[in-house]
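Residue-level structure breakdown
Next come the chains, spelled out residue by residue.
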Amino acid sequence: MAEDDSETSETSETPAPKPRRPATSRKGVVGQLWRAAKRQIDAHEEHLADLPKGTTASEADAKALAVLARTVRELVAIEEPPAMRKDKRTDEPFPADDLRHVAQLRQDLARRLAALAAQDADENSREADADGGAG
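Predicted, not measured: the structure shown is a model, and the values here were computed from it. Per chain, the residues get numbers from 1 upward, laid out in the order the sequence is written. Local features in this predicted model are restricted to residues whose pLDDT is 70 or higher, and side-chain atom pairs enter the listing and the counts only when it is 80 or higher, whereas totals over whole chains, interfaces and linings include all residues. Side-chain measures here rest on the full set of heavy atoms in the structure, leaving out hydrogens and waters.

**A look at the confidence of the model for the chain**
For clarity, the cut-off: Every residue carries a pLDDT, the predictor's confidence in it, which falls somewhere between 0 and 100. Secondary structure elements follow DSSP: runs of H or I no shorter than four residues count as helices, runs of E no shorter than two count as strands, and numbering proceeds from the N terminus.
Residues of the chain with pLDDT of at least 70 account for 71%, and the chain-wide mean is 77. Within the chain, the element-level pLDDT minimum falls on helix α1 (residues 2–11), averaging 51, and the maximum on helix α2 (residues 26–49), averaging 90.

Below, the structure is given as structure tokens:
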């Protein structure tokens, strides 16, 4: 049986190489990407318009919008003249910056929660005083 397999593999023809497509220019590729992004944006806007009144977009919709925004930003960056482009290293935030930002958000959240708790405690004490004075 092994001999049969080797005979068929030796006699089988190798597939002909696929013909090469003509090279597409950079401008042509960028144009195709813009058209694809435009179709995606239109489809996303149509989807959001079809949502029933009073409902909010889902997390998947938010992620799709974020991807589309990044795509447009990258396409704009591709089309900028080289002199106008920012150095990619300075365009992206450093991870330490994100950590500082998160720490600041946590501190702000803690302050707001403390203020809400104090406000709630103050309102509860007023209600208790009002209930105690009325009885």
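Still to come is the rest of the account.
**Section: the side chain of His44**
Just so we agree on the cut-off: Under the rule applied, a polar contact is a pair of N or O atoms within 3.5 Å (in protein, one hydrogen donor and one hydrogen acceptor; residues adjacent in sequence only if both atoms are side-chain atoms). Note on contacts: a residue pair qualifies if any of its non-hydrogen atoms lie within 4.5 Å across the two residues.
Mapped onto the elements of the fold, His44 is located in helix α2. Of note is the side chain of His44, whose polar atom sits 3.5 Å from the backbone oxygen of Asp61. Those residues in contact with His44 that sit more than four places away from it in its chain are Asp61, Ala64, Leu65 and Leu68.

**Some points on α2**
What counts is decided by this rule: A helix is expected to reach a length of 1.5 Å times the quantity of its residues less one. Under the scheme applied here, a residue whose accessible area is under 20% of the maximum for its type counts as buried, over 50% as exposed, and between as partly exposed, the area being computed with a 1.4 Å probe on protein chains only.
Between its first and last C-alpha, α2 extends 34 Å over 24 residues, near the 34 Å set by a 1.5 Å rise per residue. Considered for burial, the residues of α2 that qualify are Val30, Gly31, Ala37 and His44. Turning to α2, the residues buried within the fold contact α3 (59–79).

**A short note on a negative patch on the surface**
Defined as follows: Candidates for patches are residues over 30% relative accessible area with no salt bridge; among them, like charges are joined within 9 Å and nonpolar side chains (Val, Leu, Ile, Met, Phe, Trp, Tyr) within 5 Å. Note on areas: these come from Shrake-Rupley sampling with a 1.4 Å probe, and a residue is covered only by the protein chains present in the view. Salt bridge, as used here: a side-chain nitrogen of Lys or Arg that lies within 4 Å of a carboxyl oxygen of Asp or Glu. Counting rule applied: Lys, Arg positive; Asp, Glu negative; His and chain ends not counted. The atoms used to mark charge sites are NZ of Lys, CZ of Arg, CG of Asp and CD of Glu.
There is a patch of like negative charges on the surface, built from Asp120, Glu123, Glu127 and Asp131. Its location among the elements puts Glu123 in helix α5 (residues 95–134).

**Re a nonpolar patch on the surface**
Together, Leu109, Leu113 and Leu116 make up an exposed nonpolar region whose accessible area comes to about 300 Å². According to the relative accessible area criterion, Leu116 is exposed, its value standing at 51%.

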